[in-house]
Structure formats: structure tokens, C-alpha cells
Amino acid sequence: METALNYLFSVEAFALIFVLVLLKSSVKLVPQNRAWVVERFGKYQSTKVAGLNFILPFIDNVAADRSLKEQAVDIPSQSAITKDNITLSVDGVLYFRVLDPYKASYGVDDYVFAVTQLAQTTMRSELGKMELDRTFEERNLLNIGIVEAINEAAEPWGIQVLRYEIKDIVPPRSVMDAMEAQMKAERVKRAQILESEGDRQSAINVAEGKKQAQVLAAEAEKTEQILRAQGAASAILAVAEAQAEALRKVGDAANTEEGIKAIQFDLATKAIAAREAIAKESSVILLPDNSTDPSALVATSMAIINSLNKHQS
């Protein structure tokens, strides 16, 4: 009886252990951003995503564990020939991720190796379409072209290439020396152009300064002449107005008895002074019969004044 109980206990313990093993084999916890490819009797059965999953023990098998994270793969340095037959040494970094674990498992044997080789061949192909100068100037376009070409070829593998970055483009030493000489010549050329532009601008500024100085001098001379003419005209006008005022005063005085006597006296005095001056300048003097008579001189002068007064009236 005791033997039977021991046997029964052993069977129950074995059954319990077997159940625990079955449960452990059937329950699968898939980590985040990973996917498990499950096969049943060697044939694809399903893809288990992150979380709690169940499989049939001893029947289902996890054939592949694929990471869905973005991966970076270093592309080794390789030689490539440009469109103008220059050999370059190029390396880069490829960033990609698995979109379809099924295609990544059954579409290609090793998708990392495959996408790396594809990146190398595509890079050589894209460089062959560009000249040397463009490879340095249009590196972004080159990266975009490589990504598009790889994505088109890698679609059956369930791989998406996110970006490709060229790290170094190293031309031959002779080409680098030629490029350095070209850049030096270009810098010298730019310096000479800037210097000549500076000289030209300086000459233009000097010429503009002289032109403005001449214009200002001409305007100043013109203004001076105008002011001088205005001053002369004002002086002439003032003199004429003074003479006119003097004549008006003389005329007003001539209309009075005292003024007539004063004018007669002034005219006689001037006549005598004039004859004295003539006598000093010439040895021969012709005088009328009554020239020595002051009253005759005064009468003649008064007749002239009276005639002028009547003409003014």
C-alpha cells in the first residue's frame, strides 16, 4: 500500500512538473520594439509582437528575433570613380530599420549584410553620375539619391532606409594638391578683384568730390555775381534817388525869391571859377563882349533855369 502511494505521488509530481514546463514553453513575453517569427513544423505560422503571447509547446518554434529599432551600420571605405574619371575613397553610415519581420527573415538570408553591400554598390553608382566638384557641393543630393535607390531595392526585404550620411570623401593626393592650388589662385583672384574694386571706388569718390567742389564753386561765384550786381544796382538806384531828391529841392528853392538870389550867386561864383580854370590851362581866351559882366552871366543862367522849370511844369 505504501509503495502504491509513493508511486502515485511520484506520478503527480511528474505531471505537475510537466504542466509547469508546458506553461513555461507556451507563454512568451516579447520585449518592446521587437518581433518574434514563429514557425510550426518548420513553416511560418505567425509574427508575435510586444506583449504576452502564447505558442504550442514542442510544435511552434521561435525561428527569428527581429529588432524593430533604428539601426546604424558603418559602411566601410571603398573606391569610386566620378563622371570625370577621378578615383575617390568614400565611406559613410547607413541608418535603417525593419518594417516587416517576415520579409526580413525569409526575403534575404542576412539583411544587415545585404543592405550594407547594396549601400556600397549604390554609392559607387551615384558617384559615377557626378563630377568631382559636385560631390563636395551636393553631398546632400548624393545622400538622398543613395537612400532612394536603396529603398527601392530593399523593399522585398522588409527594410526601410531612413538616411545615409557620407563621412569622408578623399580624392587622390595629386587631385588634392591641384584643388589646393586652384583654391589659392581663386583667393588671390578674389583679393585682386576686391583691391581693384576698392581703387575704382576710390577714384570714383575723388572724381565725385571734385565735381561737387566745382559745382559748389560755380554756384558760389554765381551767387557772388548776383549779389554784386544787386549791390551795384541798389547803389545806382540810391544815387539816382539822391540826385532826384537834390534836383527836387533845388527846384523848390528856385521858386522862391531867396532861392533865385542864391542860385544867381552860386552860378556867378562857378562861372568865375570856370574862367579862372580856363585861364590857367590856355594862353588864349575868347570872351564875349559882356563876359566880364556878372549880371549878364547871372541873367543867362536864370534864363536857363526858368526854361527848365517851365519844362518840368
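Described below are features of the structure shown in this document. (Residues numbered from 1 in each chain as written. Predicted model: local features only at pLDDT ≥ 70, side-chain atom pairs only at ≥ 80, totals over all residues. Heavy atoms only, no water.)

Things to note about the overall build of the protein
For the record, the criterion: To qualify as a helix, a DSSP run of H or I must reach at least 4 residues; to qualify as a strand, a run of E must reach at least 2; elements of each kind are numbered from the N terminus. Only protein chains enter the calculation, and the probe is 1.4 Å; a residue is then buried if its accessible area is under 20% of its type maximum, exposed if over 50%, and partly exposed in between. Whether two residues touch is decided by their heavy atoms; if any such pair falls within 4.5 Å, the residues are in contact. Areas reported as accessible are Shrake-Rupley estimates using a 1.4 Å probe. Residue values count occlusion only from the protein chains shown.
Within the protein, the regular secondary structure consists of eight helices and eight strands. Looking at the 313 residues of the protein, the share that counts as buried comes to 25%. For the protein, long-range pairs separated by at least 24 residues make up 63% of all intrachain contacts whose partners lie at least 6 apart in sequence. Summed over its atoms, the accessible surface of the protein is roughly 21800 Å², and 59% of this surface lies on carbon and sulfur atoms.

A look at the sheet that holds strand β7 (residues 87-98)
Filter applied, for reference: Whether two strands pair comes down to DSSP finding at least two bridges between them. Every axis in this analysis is a line fitted to C-alpha atoms, fitted for helices over the stretch in contact. Angles between the N-to-C directions lie between 0 and 180 degrees.
Taken together, three strands build an open sheet; the order of strands is β6-β7-β8 and the sheet is antiparallel. Each edge of the sheet is formed by a strand with only one pairing partner; in this case those strands are β6 (71-81) and β8 (159-170). If you compare each strand with its neighbour and ignore which way they point, the axes differ by 25 degrees on average. Across the sheet, helix α3 (residues 111-127) lies against β6, β7 and β8, angled at about 35 degrees from β6, the strand it touches most. Lying on the sheet, helix α5 (residues 139-154) is in contact with β7 and β8; it crosses β8 at an angle near 140 degrees.

A few points about the layout of surface pockets
Defined as follows: Here a cavity is any set of points on a 1 Å grid over the protein atoms alone where a 1.4 Å probe fits but cannot get out, and a pocket is any open set with protein on both sides within 12 Å along at least 5 of 7 lines; a residue lines the site when it has an atom within 4 Å of a point. Grid points are joined across faces, edges and corners, and a volume is the space filled by probe spheres set on the points. Lys, Arg, Asp and Glu make up the charged group, whereas Ala, Val, Leu, Ile, Met, Phe, Trp, Tyr, Cys and Pro make up the nonpolar group; the residues left over, Gly among them, are polar.
The space that makes up the second largest pocket amounts to roughly 190 Å³. Around the second largest pocket, the lining residues are Asp-133, Phe-136, Glu-137, Met-179, Gln-182 and Met-183. Of the residues belonging to the lining of the second largest pocket, the class tally is three nonpolar, one polar and two charged.

Re the packing of α3 against α5
Counted only if it meets this: Every angle not falling under 35 degrees, over 145, or within 65 to 115 is termed oblique; those three ranges are roughly parallel, roughly antiparallel and roughly perpendicular. Crossings are sorted by hand: turned counterclockwise from the far helix by less than a right angle, the near helix makes the crossing left-handed, and turned clockwise it makes it right-handed.
Two elements in contact, α3 and α5, have axes separated by 9 Å at closest approach and are oriented at 135 degrees. Classed by the angle they form, the pair α3 and α5 counts as oblique. Two packed elements cross with a definite hand, and for α3 against α5 that hand is right-handed. Here Val-115, Leu-118, Ala-119, Thr-122, Met-123, Glu-126 and Leu-127 of α3 lie close against α5, whose contacting residues are Leu-142, Gly-145, Ile-146, Ala-149, Ile-150, Ala-153 and Ala-154. Across the contact of α3 with α5, the residue classes tally to 11 nonpolar, two polar and one charged.

A look at the environment of Asp-84
Cut-off, in case you're wondering: Any pair of N or O atoms that falls within 3.5 Å is considered a polar contact. Within protein, one atom must be able to donate a hydrogen and the other to accept it, and sequence-neighbouring residues count only if both atoms are side-chain atoms.
Along the chain, the position of Asp-84 falls in the loop between β6 and β7. By relative accessible area, which is 34% here, Asp-84 ends up partly exposed. The spatial distance from the C-alpha of Asp-84 to the C-alpha of Asp-133 is 9.7 Å, given a sequence separation of 49 residues. Beyond its immediate sequence surroundings of up to four residues, Asp-84 is in contact with Glu-131 and Leu-132. Here Thr-82 takes part through its side chain, which lies 2.4 Å from a polar atom of the side chain of Asp-84. Among the polar contacts listed, one links the side chain of Asp-84 to the backbone nitrogen of Leu-132, at a separation of 3.3 Å.

Some thoughts on the sheet that holds strand β5 (residues 60-67)
If you trace the three strands from one edge of the open sheet to the other, you get β3-β2-β5, paired in antiparallel fashion. Every interior strand has two partners, whereas the edge strands, β3 (43-48) and β5, have only one. Going from strand to strand, the sheet's axes swing by 25 degrees on average, the running direction of each strand aside. In this structure, strand β2 (residues 34-40) lies alongside β5, joined through seven bridges in antiparallel fashion. Its bridge partner being in β5, Glu-39 is matched across the sheet by Asn-61.

Side note on the nonpolar core
Selection rule: As used here, the term nonpolar core means buried Ala, Val, Leu, Ile, Met, Phe, Trp, Tyr and Cys residues forming a set that is joined through side-chain atoms within 4.5 Å.
Formed by 32 residues in total, the largest nonpolar core has its most connected members in Leu-94, Phe-96, Ile-150, Ile-159 and Tyr-164. When residues of this core are assigned to their parent elements, the largest contribution, seven residues, is made by α3. Among residues more than four places away in sequence, those in contact with Ile-159 are Phe-96, Arg-97, Val-98, Ala-104, Tyr-111, Val-115, Asn-151 and Ala-154.

Points about the pattern of salt bridges
Note the cut-off: Here a salt bridge means any side-chain nitrogen of Lys or Arg lying within 4 Å of a carboxyl oxygen belonging to Asp or Glu.
One pass over the structure, following the stated rule, counts eight salt bridges. For Glu-155, the salt bridge is made with Lys-103, and the minimal N-O distance between the two is 3.4 Å. Taken together, the residues span a long stretch of sequence, with Glu-155 in the loop between α5 and β8 and Lys-103 in helix α2 (residues 101-106) at a distance of 52 residues. You can call Glu-155 partly exposed: its relative accessible area is 46%. Residue Glu-224 is joined to Arg-228 by a salt bridge in which the shortest nitrogen-to-oxygen separation is 2.7 Å. Here Glu-224 pairs with Arg-228, and both are found in helix α6 (residues 173-254), just four residues apart, close to one helical turn. Residue Glu-224 is classed as partly exposed on the basis of its relative accessible area of 43%. Owing to a relative accessible area of 54%, Arg-228 belongs among the exposed residues under this scheme.

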